[in-house]
Amino acid sequence: MSRGSRSGGTSGSTARWRRPAFAVAILLGALLVAEAGVRAAGGRLFPEGRLPADVPAPSEPAMVDDPVTGWTPRVGRTEGFGIPGGTTVNALGMRGAEVAHPKPAGERRILVLGDSSVFGVLVADADTFPNRAERALRAIDPGIRVLDGGVPGWSSYQSRRALETRWAGVAPDLVVIASLWSDAMGAPEPDEVRFSPRAPALLEASRTFLFARAWVRHAKWGSDPETVRVDLGGRPPPDPSRPRPADLAPPPTSRVPLAVYGASLDALADTAAGLGASVAFLVLPCVRDPSGARIGDARDRYRSTMREVAARRGAPLADTPPAFVGGRSEALLFDDVHPTPAGHALVADTLVKALEPWARAGVSAR
């Protein structure tokens, strides 16, 4: 009887292990079949525009991949970005000379954040609005230094990642947030999704995982498109009253969707405040501004949101579009959003007026 009991117990135990093992084997077999099927189908099963691929850097040889922000300018002397005479990118990835660490006594630093309109593509070093503003503000306080933290193609999300990590050490006294055009650009999914921490390498190697993730993201972001078109080709923006061609259908979302753009600006401002910096905002100009016309697409709402955030936070606002009214578009902007040297001069004048109270208060406090 005792041998029979032991034998029965062993058989029962074996049976209990066999069932889950059999289920795991079936699951693994199904996953292998699914993996083979997805690989055999190539990209045909993926949602349109969501093929499994890494986020590419902008097509600019002076740009390199970056694990924190996706891309960043190449450090050193560069002839890229169409800048007359070339320019210098310091070790922090900012346009301009190296930044001393620790900050010298008596120096007050203004860090301007944004994209190519802040970086100053197509414009010589001396003509960018950060450089022009620095020269003007030094007439009030010779200790002021303006750092150009604009990077072509960067959104507010990327600027915040940079400020939280490699730029925290510059110890800015004031951060000017000018993140606008790249935030509004169309994208398959928001930057917060694109630049979120990657899945484990084993999952990233699985086409089945990439397929499932692509459809989940498509279901989340593909049903609420925002019509955003940013034309950087030197042509005037399209007439919003005319129907869009079929091949220019709206993207699924924006890089920083309008619904979260205000929160993204707040998060960037809170990051700056956490470093002990004051905050100001700058609304960038567009080719429609000289005529006094609205842009005619979602970017009007992005601009309005930035103004609302600045007002709610009681922060200085450099609202540049009114300064462009009455000017000649071709003299002030190279294309839809990139100012000429004359345009940068208007932006600098507007910024200096907005920051003058802050500059003078710092002198008085000494």
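Residues numbered from 1 in each chain as written. Predicted model: local features only at pLDDT ≥ 70, side-chain atom pairs only at ≥ 80, totals over all residues. Heavy atoms only, no water.

(A) Region of interest: the overall build of the protein. Helix and strand content of the protein: 13 helices and eleven strands. The proportion of buried residues among the 366 residues of the protein is 46%. For the protein, restricting intrachain contacts to residue pairs at least 6 apart in sequence, the fraction spanning at least 24 positions comes to 76%. In the structure as shown, the protein presents an accessible area of about 17600 Å², 59% of it carried by carbon and sulfur atoms. (Helix = DSSP H or I, 4+ residues; strand = E, 2+ residues; numbered from the N terminus. Buried < 20%, exposed > 50% of the residue type's maximum accessible area, 1.4 Å probe, protein only. Contact = heavy atoms within 4.5 Å. Areas by Shrake-Rupley, 256 points an atom, 1.4 Å probe, with all protein chains shown as cover.)

(B) Examining the pairing of strand 2 (residues 70-73) more closely. Bridge count for strand 1 (residues 63-66) against strand 2 is four bridges, and the pairing is antiparallel. Across the sheet, residue Val64 finds its bridge partner in strand 2, namely Thr72. Connecting strand 1 to the antiparallel partner strand 2 that follows it, the hairpin turn spans three residues. (Pairing = 2+ DSSP bridges.)

(C) Here's a closer look at unusual backbone geometry. In this chain, His101 is followed by Pro102 through a cis amide linkage whose omega measures 0°. As for its position among the elements, Pro102 is in the loop between strand 4 (87-89) and strand 5 (108-114). Even without a glycine there, the phi angle at Phe81 is positive, about 65°. Structurally, Phe81 is set in the loop between strand 3 (76-78) and strand 4. Positive phi is not limited to glycine here, since Leu122 has a value of about 70°. Along the chain, the position of Leu122 falls in the loop between helix 2 (116-119) and helix 3 (129-137).

(D) Structural context of the side chain of Asp141. Along the chain, Asp141 falls in the loop between helix 3 and strand 6 (144-150). Relative accessible area serves as the criterion here: at 1%, Asp141 is assigned to the buried category. Within polar-contact distance, the side chain of Asp141 engages the side chain of Arg108 at 2.9 Å. A polar contact of 2.9 Å, which involves the side chain of Asp141, links it to the backbone nitrogen of Gly143. Apart from residues no more than four positions distant in its own chain, Asp141 is found in contact with Arg108, Val363 and Arg366. (Polar contact = N/O pair within 3.5 Å; in protein donor to acceptor, adjacent residues only side chain to side chain.)

(E) Representation of the pattern of salt bridges within the structure. If you walk through the whole model with that rule in mind, you get 19 salt bridges. Residue Arg166 pairs with Asp66 through a salt bridge whose shortest N-O separation is 2.9 Å. Here the residue Arg166 occupies a position in the loop between helix 4 (156-164) and strand 7 (174-177), and Asp66 occupies one in strand 1, the gap between them amounting to 100 residues. A salt bridge links Asp270 to Arg313; the nearest nitrogen and oxygen atoms lie 2.9 Å apart. One end of the pair, Asp270, is in helix 9 (residues 258-274); the other, Arg313, is in helix 10 (residues 299-313), and 43 residues separate them in sequence. By relative accessible area, which is 44% here, Asp270 ends up partly exposed. (Salt bridge = Lys/Arg side-chain N within 4 Å of Asp/Glu carboxyl O.)

That is the geometry; function is a separate question.
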